[in-house]
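# Topology and contacts: notes
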Amino acid sequence: MGITERKAKHRDSLRRKVLAAAEELFVTDGYHNVSMRKIAKRIEYSPTTIYRLFKDKDEIMEQLIAEGYLRVYQRYQEIVARETEDPLATLERIIRSYIEFALANPQHYELWFATSHIEVVDGQLHMRHGAARYKVYYVWLDYLEECKRRGLLADKDTLALFQLVWAAVHGLISLRLHHPGFPWMPLQAHVDELIGMIEGGLSRGEEETCVEPQTGKTRNA
């Protein structure tokens, strides 16, 4: 290996160390409480060295977010490439993949919600970070729409269906991440039950379940 290759390899290795240290600090200390000096201290390098790799902590965060979304996007592409005639089954696999990624990469998952924002632009759902927009949830909406078209899910507003599904999935992830000592049921069973409840709750068609405000009892509308 020549000098140029060794330098490039060292630079890449150092970048990975910076990104790993920053990711941990952003989660544990809070993004706004982390400085380039603190990141440099964590990996025992001078701040000057860090500035040669990244102009500021915003650029570090942008790199982390972009890498995470790319990994999720690649997972989605692999799932869609194996698409069957059952869009509900494909949606299930997408949700399971999302949960699996989040629980396997808890620090990164926390970062998604530290400085990013969900927004709808021209009818498309985006996760925005700085000037960059990521369509990490677009596949969810596509398959929710297809499931509606085939009569597999209730004919409700697709964005509303997404909100219900995402809230339930995010709740499972966040609770398990923030309360690891709780006597949770086995993960696979938890995910299976959640998906079953989501599908059952969203496939009632025109039948609605309402809660009576005075008694708290449910009734069919």
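Below: a short report on this structure. (Residues numbered from 1 in each chain as written. Predicted model: local features only at pLDDT ≥ 70, side-chain atom pairs only at ≥ 80, totals over all residues. Heavy atoms only, no water.)

For Ala 160, the location among the structural elements is in helix α8 (residues 158–178). Note on Ala 160: relative accessible area 33%, which makes it partly exposed. Here the alpha-carbon distance between Ala 160 and Gln 74, two residues 86 residues apart in the chain, equals 26 Å. (Helix = DSSP H or I, 4+ residues; strand = E, 2+ residues; numbered from the N terminus. Buried < 20%, exposed > 50% of the residue type's maximum accessible area, 1.4 Å probe, protein only.)

Next up on the list: the pattern of salt bridges. Under the defined criterion, the tally for this structure stands at nine salt bridges. Between Arg 42 and Glu 24 there is a salt bridge whose closest N-O contact spans 3.3 Å. In this pair, Arg 42 is assigned in helix α2 (residues 36–42) and Glu 24 in helix α1 (residues 3–29), connecting sequence segments 18 residues apart. Classification of Arg 42 as partly exposed rests on a relative accessible area of 41%. (Salt bridge = Lys/Arg side-chain N within 4 Å of Asp/Glu carboxyl O.)

Below, the discussion takes up unusual backbone geometry. A positive phi angle is found at Glu 44, which is not glycine, with a value near 60 degrees. One can find Glu 44 in the loop between α2 and α3 (47–51). The exposure class of Glu 44 is exposed, given its relative accessible area of 74%.

The values reported here are purely geometric and, on their own, carry no functional implication.
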